[in-house]
Amino acid sequence: MAAALTSIREIEREVSARRTVPGSEAPYQRTSVMTHTAWVPPEWVEAAEDALAGLAERHPSRTIVLFPQPDEEDGLEGDVDIDVYPVGGGRQVCTETIRIRLNGPRAAAPASVVQPLLLPDLPVFLRWRGAPPFGEPAFEGLIDVVDRLIVDSTEWADLPAPYAGLTGIFDRVVVSDIAWARTSRWRPHLASLWPDIANVKKIRVTGTAAQAQLLAGWLRTRLKHPVELEHEPSDHLDGVEIDGEAAPFPPGDPPDPSDLLSEELDRFDRDRIYEDAVRGTLE
Amino acid sequence: MTEATLQENPLLEGLQLRRTPDPCILVIFGASGDLTKRKLFPALYALAFRRLLPANFAVVGTARSEETDYEFKARMKEAVQEYGRDEFRDDVWEALADGMRYVATDFSNKEGEDRLAETLTELDEERGTRGNRVFYLATPPAVVPRVVQELGKRRKTQGWTRLIVEKPFGRDLESARELQSVITRYFDETEVFRIDHYLGKETVQNMLVLRFANGIFEPIWNRQFVDHVQVTVAESIGIENRAAYYEQAGAVRDIFQNHMLQLIAIAAMEPPIDFTADSVRNEKVKVLRAIHTPGPKSVVRGQYGRGFIEGKEVPGYREEPDVPPQSKTETYVAAKLYVDNWRWADTPWYVRTGKRLPRRETTIAIAFKKAPHPPFEELAAEGLRPNALIIQVQPDEGISLAISVKVPGHGLTIRTAHMDFLYGGAFRTGLPEAYERLILDAMLGDQTLFTRIDEVEEQWSLVDAIIAAWARDRPAFPNYPAGTWGPPSADELLARDGRSWRQH
């Protein structure tokens, strides 16, 4: 790999230089629909790269991946990847991935690194890996420059307490939660149990803590009465019992992770039902 | 989902509920045909793959040829594997195949029709389809009235019925009205779905979004700013052993009467007040009504002779199997049309369609007027071209805008560059096939993308006038070699106005 790029200007120059088809003057066609940024602390690097791999092709975009490394010496280290996908008729479409290591104090001010690299006039998504440090400048600064924050509360410890921080930012940024999306097959299914489900007192959810909390929060806020939650840990949402009785399984297969992220990227409006459900987890 | 249930059931709030059709049986008439194999079953499989079909669903194929259920299923499985756009999954196929039946009937045979009715009743019980029926008439046009009659006589009172009628709807205004009178004897207009698969195409629907969801195009979408419009529906294939049909139809009935006029209607229509079936169709029919009948000098017809396609020599139309050697059937039509209304008066719409043209392409190109006084005229006159917005319907669905830009450097050289939006480039979800959308809409009872009878009548009266004018002279066919862009007279049609067909 070439020497790391150490300033935004160098990164910009590299992006435009790399957009040209080797051996010709014609640039790749770029049809971007958004800027996608990702905040990836060291422990999430591997998982993040996997999810990005499937994503670039589906949502041609500029992706800016930020790797905070606060313990390193002050500086930026960037590199640029241009991926080209054939789209038929001999034409190709390119997506740009810019990876930037934010070393030392730079890790505290990521918004100022991201802003000059955003594609003008297109929506900006921020995928935050792990639990967001609510109130800290790095996080607060970033959510003010993005249109939509995507989290996966499955990645958070000690649920439901961290949801309290999330409720505080709903008015500032639109939030998507992949854990919530993972309950999307079950919610219409549970709704179809109406009216039997109307007076549910207790649910027992076999699944991740986030799924269990969010489903309970959802039922509490929609039905407007307390619903007790019993949680049986599992990697997948494997079952829901309503007052001791197992609900039948919803049809179809569970969605896969890059599909879920991809679907969230197509959505732009606030999901009030989700916001209510998050508040409901704290009841 | 009705509002009442939402008020009652708070859990439904905010759920992205996809509308799923009611339980029903789809009955395909003409199940041994090419359409069933290439389009309908691949579309049904794609719908099943995405779980868009109702849980209680069955498909009955009927045609004249004898075939068992087993053979029918095997043939369709092969078709899905060959023409489907998704990976083939046995579980998806098995679930679909489980509800598949085949009934051999001759359409003149009452017994066969009775056998079909019995099969449907059995399936209702077996599959819980509640008497709901979608009848897909993919038969040769001649037998359509007969089938409609038989279906009408056996109409059940229980459940809903929808009739999908493939094009062509009649072969002129009179026969279209006759067919319509048979249909209205048994069916209401809300139950009739006249298919024009172009309307199911994503780009065609996107044209409505482009025009009416963007603020910048509509203000210039009129005679003041548009110089002219060009619509091209080009095919590189010949008649593919369909001589019997094509001899009766010709390019004017095969493409111009339906696809071409519908494309014009959508590109020219006024904004509908909402996106309901009747609002959209009311606006379309106004355009069709406003199209001025072209005089004989404004219509050009052609027939292809021997020539080359993709480097291979291909026979002329008159040498195709089963085509009479003196055939006067046109395989190419071009016309200059005027939409006589406030928006489009005096703006020519040049349209052309043909077989054995150099490539397959459907485009609508809006050519804007040139800049009123370009200060660069002396410096770079040859580079100055008016802007054009090109809507590409197939093959690569997309939109591009031709703009003039300065070539970098010291001098002032101007070149045309394209800003391209390519569907495949911006959304990698894979475009649904037109038939998927249309079959699903018919099951849901949504007629927006289907042609209403008054539209069909307007289309035929225009075509009848063109054909009547042709009856008076003898064309010198063939007049264009396969693999070229039509007869020289088509170029003259535009040259007379100081314009030319778009370059490719």
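To be clear, the structure that these remarks concern was listed above.
As a further point, take helix H2 (residues 34-49) of chain B. All names here are of chain B. Spanning 16 residues, H2 covers 22 Å between terminal C-alpha atoms, matching the ideal 22 Å at 1.5 Å per step. If you look at H2, its biggest bend is around 30°, right at Leu40, and the proline Pro42 turns up within four residues after that. Within the span of H2, buried status applies to Thr36, Leu40, Phe41, Pro42, Ala43, Leu44, Tyr45, Ala46, Leu47 and Ala48. Immediately beyond the C-terminal end of H2, within one or two residues, lies Arg51, with a positive phi of roughly 55°.

Okay, the sheet that holds strand S5 (residues 161-165) of chain B next. Residue and element names in this part refer to chain B. As summarised here, the arrangement of the six strands in space is S3-S2-S1-S4-S5-S6, forming an open sheet in which the pairing is parallel. The sheet is open, and its two borders are formed by strand S3 (100-104) and strand S6 (192-194), each paired with just one other strand. Here the average twist between neighbouring strands, direction ignored, is 20°. With three bridges connecting them, S5 and S6 associate as parallel partners. Each residue of the ladder has a partner; that of Leu163, found in S6, is Val192. Most of the contacts of helix H4 (residues 90-98) go to S3, to which it runs at about 45°, and overall it touches strand S2 (57-63) and S3. Where helix H5 (residues 110-127) meets the sheet, it contacts strand S1 (24-29), S2, S3 and strand S4 (133-137), and its direction lies at approximately 165° from that of S3.

The subject of this paragraph is the pattern of salt bridges. Applying the stated rule across the entire model yields 56 salt bridges over all chains. Here A:Arg172 makes a salt bridge to A:Glu140, at a shortest N to O gap of 2.5 Å. Note that A:Arg172 is positioned in the loop between helix H5 (163-167) and strand S7 (174-177) and A:Glu140 in helix H4 (residues 137-145), a separation of 32 residues in sequence. Judged by relative accessible area, A:Arg172 falls into the partly exposed class, the value being 38%. In this structure, B:Asp34 and B:Lys37 form a salt bridge, with 3.8 Å as the shortest nitrogen-oxygen distance. Taken as a pair, B:Asp34 and B:Lys37 lie in helix H2 at a separation of three residues, close to a single helical turn. A relative accessible area of 45% means that B:Asp34 is categorised as partly exposed. Taking the relative accessible area as the measure of exposure, B:Lys37 reaches 28% and is therefore partly exposed.

Take the packing of aromatic side chains next. All names here are of chain B. For the coordinates displayed, the defined rule picks out 19 aromatic pairs over all chains. By the ring-pair criterion, three or more aromatic residues cluster together here, those being Tyr246, Tyr304, Tyr317, Tyr332 and Tyr480. Over the aromatic face of Phe169 sits the side chain of Arg194, whose NZ or CZ is 4.8 Å from the ring centroid. One Lys or Arg, Lys201, reaches over the ring of Tyr198 and ends 5.6 Å from the middle of that ring.

Let us now look at unusual backbone geometry. Along the chain, B:Lys167 connects to B:Pro168 via a cis peptide bond; the corresponding omega equals -5°. With an omega of -10°, the peptide bond between B:Phe477 and B:Pro478 qualifies as cis. By the element assignment, B:Pro478 lies in the loop between helix H14 (453-470) and strand S18 (480-481). Even without being glycine, A:Lys224 reaches a positive phi, approximately 60°. With respect to the helices and strands, A:Lys224 occurs in the loop between helix H8 (209-223) and strand S9 (228-233). Despite not being glycine, B:Arg356 shows a phi value in the positive range, around 55°. In this structure, B:Arg356 sits in the loop between strand S13 (348-354) and strand S14 (361-368).

All names here are of chain A. One can find Ala138 in helix H4. Overall, the relative accessible area of 8% leaves Ala138 in the buried class. For the pair Ala138 and Ala108, spaced 30 residues apart in the sequence, the C-alpha separation amounts to 4.7 Å. Other than its neighbours up to four places away in sequence, Ala138 contacts Trp39, Ala107, Ala108 and Pro110.

Parameters at a glance
Residues numbered from 1 in each chain as written. Chains lettered and ligands numbered in written order. Predicted model: local features only at pLDDT ≥ 70, side-chain atom pairs only at ≥ 80, totals over all residues. Heavy atoms only, no water. Helix = DSSP H or I, 4+ residues; strand = E, 2+ residues; numbered from the N terminus. Expected span 1.5 Å × (residues − 1). Bend = angle between axes of the 7 residues up to and from the residue. Buried < 20%, exposed > 50% of the residue type's maximum accessible area, 1.4 Å probe, protein only. Pairing = 2+ DSSP bridges. Axes fitted to C-alpha atoms, helices over the stretch in contact; angles between N-to-C directions. Contact = heavy atoms within 4.5 Å. Salt bridge = Lys/Arg side-chain N within 4 Å of Asp/Glu carboxyl O. Phe/Tyr/Trp six-rings, centres within 6.5 Å; stacked < 30°, edge-to-face > 60°. Lys NZ or Arg CZ within 6 Å of the ring centre and 35° of its normal.

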